[in-house]
Amino acid sequence: MDFTTFGVDLRYAILEDGLARPGLSVGFGYLYNGMNFEYSKKGSGVKYDVGIQSLYATVQVSKKLIIATPFAGTRFMVSSHEIDWEWNLGPALHDSGSSSSDGFDFGNIQTQLYAGCGLNFIVFQTTVIVMADLAHAGDEKVFSGALSFRVKL
């Protein structure tokens, strides 16, 4: 099994964080997630290849408060995908297929709202994020989150 993730996130501060004023930034990014999975045993098997690319633009507001930096923003995202799969249960039962988005669909921009807080303790940093995917408003899948922990050297 192979798994690849690559991303670039570029940010530009429109307003710097001031004494009483929050910071405002805009950003652009690219993400790639790819996976290849293959398993076979005694004449049966499965193979799955997937590649997903995403482009996004963000607008974010944040405010540094001693060791905490709360933030909130919105993200506008478009994606493309390529999926190939096949399976077999011996020589008689088998199937295969593929799916492709044929490039980025700029007519179907996904909007996400997010908020979180970063905590900085000298060389240790942690961030908690909660996101709402507006395309799934009313579904169980509307919320997601992330937790990260970093050590600055």
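Residues numbered from 1 in each chain as written. Predicted model: local features only at pLDDT ≥ 70, side-chain atom pairs only at ≥ 80, totals over all residues. Heavy atoms only, no water.

Asker: I'm lost on the packing of aromatic side chains in this one. Help?
Answerer: Remark: the centre distance and the inter-plane angle together describe each pair of aromatic rings, the angle taken between the planes. Scanning the entire structure with this criterion turns up 4 aromatic pairs. Considering the side-chain rings of Phe 71 and Tyr 114, the 6.3 Å spacing of their centres and the 55° angle between planes classify their relative orientation as tilted. Of the two residues, Phe 71 sits in strand β4 (residues 68-89) while Tyr 114 sits in strand β6 (residues 110-121), which places them 43 residues apart along the sequence. Judged by relative accessible area, Phe 71 falls into the buried class, the value being 14%. Overall, the relative accessible area of 6% leaves Tyr 114 in the buried class. Between Phe 104 and Phe 106 the ring centres are 6.2 Å apart and the planes differ by 45°, which places this aromatic pair in the tilted class. (Phe/Tyr/Trp six-rings, centres within 6.5 Å; stacked < 30°, edge-to-face > 60°. Helix = DSSP H or I, 4+ residues; strand = E, 2+ residues; numbered from the N terminus. Buried < 20%, exposed > 50% of the residue type's maximum accessible area, 1.4 Å probe, protein only.)

Asker: When you look at the environment of Ile 67 in this model, what are you seeing that I'm missing?
Answerer: Inspection of the secondary structure assignment puts Ile 67 in the loop between β3 (44-62) and β4. Relative accessible area serves as the criterion here: at 37%, Ile 67 is assigned to the partly exposed category. Residues Ile 67 and Gly 43, spaced 24 residues apart in sequence, show a C-alpha to C-alpha distance of 58 Å. Dropping the residues within four chain positions of it, Ile 67 is found in contact with Gly 118, Leu 119, Asn 120 and Phe 121. (Contact = heavy atoms within 4.5 Å.)

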